[in-house]
Amino acid sequence: MMQSISDVSLEMPSLEVVLEVLTLRSGINTAIVVLGTCCLGIASGIIGTFALLRKRSMMGDALAHATLPGLAIAFILSTVWLGMEGKSLPVLLAGAIVSAIVAVIVVQLLVKYTRLKEDTAIGAVLSVFFGCGVVLMSAIQYLETGSEGGLHHFIYGQTAAMSISDACLIAVVAVVIALITASFLKEFRLICFDADYATVQGWPVSSLDLLMMALVMLVVVVGLSSVGMLLVIALLIIPASAARFWTERLNMMIIISALIGGLSCYLGASASALFPRMPAGAIIVLTSGCFFAVSFGLAPKRGVLASLVGLVREQKRVSEDHLLRRMFEFLESEGVVVDAYKPIPLKHLRIYRSSSSVLRWIVPTMLSLRGLVIFDWKTIAFTPKGLQMAKKLTINHRLWEEYLISYAHLSSARVDWSADIVEHIMSDELVARLKNALRQKGVLLADAEDLTSVHPLKCLS
């Protein structure tokens, strides 16, 4: 059957073909593309980490867009004036580098000699340079040199056309970036986390910034022919952003970012080889976006799921602490000796009545499982262990109330809310310091360990 030229269907590859592509056995061209983009992803992940921490990610975006007029001017000069081969990759990349350097200088001058913020300067330079590039690219179409076709691939990328020389160039750049980053790791770490301290200590912060931006520019330029100027910035930002969810250590973040960048390019380029109608640059960026989504949701410390679990746990702990303290204050307000095993009708505890039906079940049950209370759905009583904890929470609460009243001069009506928040995180050291401060103020007697509430709780309705 003859295949239509407008056929856009996707044919699922066999498992054998998939394995051939993933193991680089499907042809030299595919292997070159996969390995070349992998090197680009690793280089982007390494230097993108510092660009992200230095809050210079948008500068990479400006550099990417600023390369367009350089490409166009290099083509015009080499083709029309010098009679050279205008689509020579070294010539075009040289023009892109010069244009990017000019853009960085303009941004720095705008920030230094005007009142514009850096993001405003970057936005202005980005849009002006890109607009200038689009105009020049349109003008090139009327030169009739016969070689102007294909220049637009630098905007959207043409990964499938990567040659072995392009892949080798990207590999060399990746090695250079890795070596320079390892050599200046301490300096880059310093200016990323405390540039003001580095300046005071006499470090050449501006020179280090320029070196960092030069490495970013290097990645942008070599990535133009692969994923294009519109998508190369994604390789600088997304792997580093995804790595930030997984760790708080810089060295580990660099490794994870490089790994995500390399895997994104490996899987994206492989998918593009399996589905030839799918643009490789866009697939690579979407793959890195999948890594970001997984990191955002499932990272053990900073992910959404971990944050949600931590929030639920904290809310449960706060609710348990509040119930214990209100039980203690209820027995105290009854004028009886506060003792364990004295059952308290749950309907007399306002905090229990005002809780949701879920919390009414969960909080006493969890306290019972921890051996802090005895709970039978109608009454609740302390165990000796629960009584000690309730007393400690109550003392912490009242110490903080008295401290705010005595030292911050707040009214008693405004201190309970603050104490409700702080009582859960007060360490033994902080409690000791509060007691000493209140004893010096004469609020707490020298041999006393607790305080009477400044506003006794009215537990009974």
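What counts as what
Residues numbered from 1 in each chain as written. Predicted model: local features only at pLDDT ≥ 70, side-chain atom pairs only at ≥ 80, totals over all residues. Heavy atoms only, no water. Helix = DSSP H or I, 4+ residues; strand = E, 2+ residues; numbered from the N terminus. Buried < 20%, exposed > 50% of the residue type's maximum accessible area, 1.4 Å probe, protein only. Contact = heavy atoms within 4.5 Å. Areas by Shrake-Rupley, 256 points an atom, 1.4 Å probe, with all protein chains shown as cover. Core = buried A, V, L, I, M, F, W, Y, C linked by side-chain atoms within 4.5 Å. Salt bridge = Lys/Arg side-chain N within 4 Å of Asp/Glu carboxyl O.

Enquirer: Would you mind showing me how to read the overall build of the chain here?
Expert: Helices and strands together make up the secondary structure of the chain, namely 19 helices and 3 strands. Burial analysis of the chain (461 residues in total) assigns 44% to the buried set. Partitioning the contacts of the chain with sequence separation of at least 6, the portion at a separation of at least 24 is 72%. Accessible surface computed for the chain: about 24200 Å², of which carbon and sulfur atoms make up 65%.

Enquirer: Could you clarify how one ought to interpret the nonpolar core in this entry?
Expert: Among soluble globular proteins, nonpolar side chains are generally buried collectively. In this structure, Ile47, Phe50, Ile177, Met212 and Val216 are the most contacted members of the largest nonpolar core, which totals 77 residues. Ranked by residues supplied to this core, first place goes to helix α10 (residues 205-227) with 13 residues. Dropping the residues within four chain positions of it, isoleucine 47 is found in contact with Ile177, Met212, Leu215, Val216, Val219 and Leu236. If you look at the next biggest cluster of nonpolar residues, it comprises 21 residues, including Met327, Ile344, Leu387 and Leu393.

Enquirer: Teacher, can you tell me more about the pattern of salt bridges here?
Expert: Pairing is possible between side chains of opposite charge, provided their charged atoms come close. Within this structure, the stated rule accounts for 13 salt bridges. Between aspartate 209 and arginine 54 there is a salt bridge, with the nearest N and O atoms lying 2.9 Å from each other. Of this pair, aspartate 209 sits in helix α10 while arginine 54 sits in the loop between α2 (28-53) and α3 (57-81), and the two are 155 residues apart along the sequence. We classify aspartate 209 as buried; its relative accessible area is 10%. Linking arginine 317 and glutamate 314 is a salt bridge whose minimum nitrogen-to-oxygen distance equals 3.0 Å.

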